[in-house]
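Chain and residue survey
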Amino acid sequence: MAQKIRTEEGVLRVIPPPGQEAPLPKEGEKNVLITSALPYCNNVPHLGNIIGSTLSADVFSRYSRARNRRTLYICGTDEYGTATETQALKEGITPRELCDKYNVLHKETYEWFDIGFDYFGRTSTPLHSEIAQEIYLNLGKNNLLQKQEKEQTYCEGCPKFLADRFVEGICPHCGFEDARGDQCDGCSRTLDAIELIKPRCLVDKTHVVTTKTSAHMYLKLDTIQPRTEDWIKQSWKAGKWSPNAVINGDGEIVDARLKSGLLPTPLTRDLKWGVPVPVEGEDTLGMKGKVLYVWFDAPIGYPSITANYTPEWKQWWFNPKNVDLYQFMGKDNVYFHTVYWPSVQLGDGRDWTKLHHLSTTEYLNYEGGKFSKSKNRGVFGPAAKETGIPASVWRYYLLSSRPETADAMFSWAECIAANNNVLLNNFGNFVNRTLKFVSSQYDGVIPDGGDVPGPYSPNDNADEEFITNVNSLLKDYIDAMDAVKLRLGLQIVMLISNRGNTYLQASGLNKALIASNPTRCAQVVSRAINLIYVLSSLIYPFMPATSDSITFQLNAPARAVPEVLSNDILAGHTIGTPEHLFKKIEENMAEVWRIKFGGNENAAESAAATPDPLKAVPGQSKKKAAKKSAVAAPLVPDGPKSNEALALEAKIAEQGQAIRELKAKTPKTPELDAEIKAAVDILKGLKLGLENALKQA
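Here the structure is a predicted model, which means the values were calculated and not measured. (Residues numbered from 1 in each chain as written. Predicted model: local features only at pLDDT ≥ 70, side-chain atom pairs only at ≥ 80, totals over all residues. Heavy atoms only, no water.)

**Structural notes on the packing of helix 12 (residues 391-400) against helix 15 (residues 486-507)**
For the record, the criterion: Where helices are involved, their axes are fitted lines through C-alpha atoms of the stretch in contact, as for all axes, and angles between N-to-C directions lie from 0 to 180°. Going along the chain from the N terminus, every DSSP run of H or I of four or more residues is numbered as a helix, and every run of E of two or more is numbered as a strand. What sets the label is the angle itself: under 35 degrees gives roughly parallel, over 145 gives roughly antiparallel, 65 to 115 gives roughly perpendicular, and the rest give oblique. Here, two residues are considered to be in contact whenever any of their heavy atoms come within 4.5 Å of each other. When residues are sorted by character, Ala, Val, Leu, Ile, Met, Phe, Trp, Tyr, Cys and Pro go into the nonpolar class, Asp, Glu, Lys and Arg into the charged class, and all the rest, Gly among them, into the polar class.
Close contact between helix 12 and helix 15 brings their axes to 9 Å; oriented N to C, the two are set at 120°. Regarding the angle of helix 12 to helix 15, the classification is oblique. Residues Tyr396, Leu399 and Ser400 of helix 12 pack against Arg487, Leu490 and Met494 of helix 15. Looking at the contact of helix 12 with helix 15 residue by residue, the classes come out as four nonpolar, one polar and one charged.

Below, the structure written as structure tokens:
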């Protein structure tokens with residue numbers, strides 16, 4: 001197919017997608033280094049974890065590439081420490097086996113969500129140990145380490161010193177009954193395990209927990225604090241941090257630990273699973289056999305994972321003049337990225353690339369409560385795929401409700417409404433309507449509307465208001481994204497697509513316009529096509545698969561984010577075959593999914609309110625559903641449905657969704673017809689099973 005695309009500098013995206021080649025920063029250009037908080041390697045992530053760090057960082061990474069900025073996005077699993085040992089104990093496997101298992105699960109989850117790291121690594125590598133040990137030794141050479149002998153929790157039944165995560169008790173600050181030995185989930189304060197009231201051993205809660213003395217090395221945070229505070233104030237201003245738990249919007253330090261004065265913090269632990277404490281010469285300090293504390297070694301994972309990706313890692317991590325570091329995390333990680341890790345970098349003495357911009361989120365909760373793996377409540381990892389909702393739609397909904405300033409609530413009804421009302425009726429409608437018009441009325445060839453290549457004039461006689469409005473929205477989009485206001489950026493994309501819809505309506509684009517004013521019709525079509533081309537670049541950070549689908553249908557290469565609307569796809573260009581970007585999701589699926597992912601106890605509580613799939617199979621017309629309802633009504637018992645019936649209802653709804661997707665496939669082939677018939681037979685069998693289950697109830 002013939003391509004006629006404007007190719008001047010800055011029009012096309014030249015920075016490759018994430019993971020294709022190891023980029024290196026270039027002096028004199030904006031180089032962007034991005035990290036998302038390293039997930040613990042002891043569980044699969046839920047939707048709140050994903051929007052809190054990895055997905056948000058991915059959006060900014062893709063935006064930076066779409067601005068043709070050299071970009072590196074690094075993440076990986078945090079594998080050392082007591083969280084790993086605790087989970088390995090529960091699963092009856094070694095910490096290494098546990099990490100191997102969950103590293104793969106994390107990778108698979110992020111890949112399905114189209115989260116594109118340049119490299120997703122892990123902290124249990126030789127390079128990680130080497131870099132962490134070097135930093136530790138540098139801190140010692142700079143007289144910033146001190147030995148302290150302190151009481152630690154000791155289990156007389158095990159018998160051994162209890163690592164932080166192996167002991168729980170009552171928080172001395174807020175009274176939370178299940179505070180961990182290192183941090184309280186009730187008030188988010190860091191703790192020393194011996195502070196816990198009524199401590200108990202997680203290995204066996206009947207064991208007697210007492211205290212014994214053990215020697216450890218501590219980092220003199222109090223000595224480093226003046227330099228840390230100076231750095232925070234400078235970086236906050238230069239990087240335009242959003243207000244957080246450490247510094248407010250007026251530049252005032254509000255963290256309680258800084259205000260009361262930092263104290264020396266432990267760097268070593270009595271564990272086996274971790275980075276060995278380096279001992280040079282004779283072990284006069286008694287550190288042999290101990291490991292580095294996970295709070296110390298975890299942030300070192302950022303540079304060490306980079307080192308596992310490229311031998312030129314120091315060009316990114318020791319280059320503060322040319323590299324801007326953007327870090328994404330949940331609100332509970334702010335202290336460690338703004339105070340603790342920068343203090344370590346300052347104490348190390350080398351010229352580290354330190355935090356430029358901090359992007360944090362509040363919590364995403366689930367349908368009126370919290371995500372809970374133990375209670376099967378909420379969507380975890382690969383389970384999102386089971387719904388049949390495409391990754392692009394998941395990304396849109398999560399990002400449109402990103403908890404930037406306050407906690408947000410996940411809702412199935414809102415997720416479905418976002419797909420049907422915004423993506424399908426607004427964004428998808430504009431793209432599909434325009435492309436279909438070009439295909440049907442111009443044989444897929446862009447007509448000549450008389451516009452010259454390059455930016456449209458804001459003083460255009462016919463479309464002055466339209467062009468000016470789009471250009472203003474483009475400026476708003478760039479300003480929002482540069483400031484890492486991702487939710488606002490996505491809202492602006494939808495405003496621009498809505499402006500495209502109103503443009504088509506106001507211009508009266510139809511067959512009659514072709515007959516009455518062919519030149520104006522060609523102009524409207526050409527400008528609408530070029531607005532779609534712009535939208536493909538704007539939506540790329542948020543929904544990369546959708547962006548790829550648009551450029552494929554346009555038969556055009558990836559466009560860079562522009563500052564103004566331009567005539568880039570020129571007259572004579574041939575587009576591809578138009579296809580729908582999105583499909584409708586039946587509203588009654590909200591109840592099905594709410595039960596499926598609502599937790600063990602919620603399924604029974606919601607049984608009476610569950611819509612009977614026999615009455616409303618997804619994709620079935622209301623008339624047929626009503627008829628089916630009349631036939632099936634006597635089968636529905638007055639009391640709660642059995643667990644078997646609930647399970648069958650969910651399976652019927654899922655099978656109905658699968659059939660709808662099969663029927664929407666093209667081209668139609670005998671093989672596809674056979675697959676549809678087989679799927680329908682399965683649905684009939686499920687319905688029969690449900691009828692029997694309801695009769696027996």
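**Considering the confidence of the model for the protein**
Cut-off, in case you're wondering: What pLDDT reports is the predictor's confidence in each residue, on a scale of 0 through 100.
Of the residues in the protein, 90% reach a pLDDT of 70 or more, and the chain-wide mean stands at 89. This stretch, residues 603-641, has a pLDDT under 50; its non-local contacts, to residues over four places away or in other chains, come to 56 contacts.

**A few points about empty space enclosed by the protein**
So the rule is basically this: The rule is simple: put a 1 Å grid over the protein atoms alone, call a set of points where a 1.4 Å probe fits but cannot get out a cavity, call an open set with protein on both sides within 12 Å along at least five of seven lines a pocket, and count a residue as lining if it has an atom within 4 Å of a point. Grid points are joined across faces, edges and corners, and a volume is the space filled by probe spheres set on the points.
By the definition in use, this model includes four cavities of 30 Å³ or more. Lining the largest cavity are 17 residues, and of these Glu151, Gln152, Asp164, Asp192 and Arg269 sit closest to its centre. Among the secondary structure elements, those contributing two or more residues to the lining of the largest cavity are strand 4 (145-155) and strand 9 (209-219). Its residues assigned to classes, the lining of the largest cavity comprises seven nonpolar, four polar and six charged. The computed volume of the second largest cavity comes to approximately 70 Å³. What lines the second largest cavity is Tyr40, Tyr80, Gly81, Thr82, Ala83, Asp164, Arg165, Asp182, Tyr293, Val294 and Trp295.

**Remarks on the sheet that holds strand 14 (residues 355-361)**
This is how the line gets drawn: For two strands to pair, DSSP has to find at least two bridges joining them.
As summarised here, the arrangement of the five strands in space is 3-2-1-13-14, forming an open sheet in which the pairing is parallel. Edge positions in the open sheet fall to strand 3 (119-122) and strand 14, since each of these has one partner strand only. Between one strand axis and the next, the sheet turns by 20° as a mean value, whatever way the strands run. Pairing geometry for strand 1 (residues 31-36) and strand 2 (residues 70-77), over five bridges, is parallel. In the strand pairing of strand 2, asparagine 31 is matched with arginine 70. Each of strand 1, strand 2, strand 13 (323-330) and strand 14 touches helix 1 (residues 47-66); the most contacted strand, strand 2, lies at about 160° to it. Each of strand 1, strand 2, strand 3 and strand 13 is contacted by helix 8 (residues 301-309), which is oriented at about 110° to strand 2, the strand it contacts most.

**Considerations on the sheet that holds strand 8 (residues 197-201)**
If you trace the three strands from one edge of the open sheet to the other, you get 7-6-8, paired in antiparallel fashion. In the strand order of this sheet, the two ends are held by strand 7 (179-180) and strand 8, each with one partner.

**Details of the environment of arginine 227**
Our working definition: Each residue is placed in one exposure class: buried if its accessible area under a 1.4 Å probe, protein chains only, is under 20% of its type's maximum, exposed if it is over 50%, and partly exposed if it falls in between.
With respect to the helices and strands, the residue arginine 227 is situated in helix 5 (residues 221-239). The class for arginine 227 is partly exposed, based on a relative accessible area of 41%. Separated by 119 residues in sequence, arginine 227 and leucine 346 place their C-alpha atoms 7.6 Å apart. Once residues within four sequence positions are removed from consideration, arginine 227 is found in contact with Leu144, Leu346 and Gly347.

**Considerations on the side chain of asparagine 432**
Topologically, asparagine 432 is positioned in helix 13 (residues 412-441). What makes asparagine 432 buried here is its relative accessible area of 7%. Among all residues touching asparagine 432, those that are not within four sequence positions of it are Pro578, Glu579 and His580.

**Looking at the nonpolar core**
Heads up, the rule is: We call a set of buried Ala, Val, Leu, Ile, Met, Phe, Trp, Tyr and Cys residues a nonpolar core when their side-chain atoms join them within 4.5 Å.
Core analysis: the largest hydrophobic core is formed by 167 residues, its most contacted members being Phe296, Trp412, Phe427, Tyr477 and Phe542. If one sorts the elements of this core by residue count, helix 17 (residues 518-539) sits on top with twelve residues. By size, the runner-up hydrophobic cluster in this structure holds 15 residues, among which are Val167, Leu196, Val209 and Leu271.

**A look at unusual backbone geometry**
A cis amide bond links cysteine 158 with the next residue in sequence, proline 159, at an omega value of -20°. Considering the arrangement of structural elements, one finds proline 159 in the loop between strand 4 and strand 5 (160-161). The residue lysine 198 is not glycine, and still its phi comes out positive at about 50°. With respect to the helices and strands, the residue lysine 198 is situated in strand 8. In the Ramachandran plot, aspartate 443 falls in the positive-phi region, its phi being about 55° despite a non-glycine side chain. Among the structural elements, aspartate 443 can be located in the loop between helix 13 and strand 17 (454-455). Given the relative accessible area of 68%, aspartate 443 is considered exposed.

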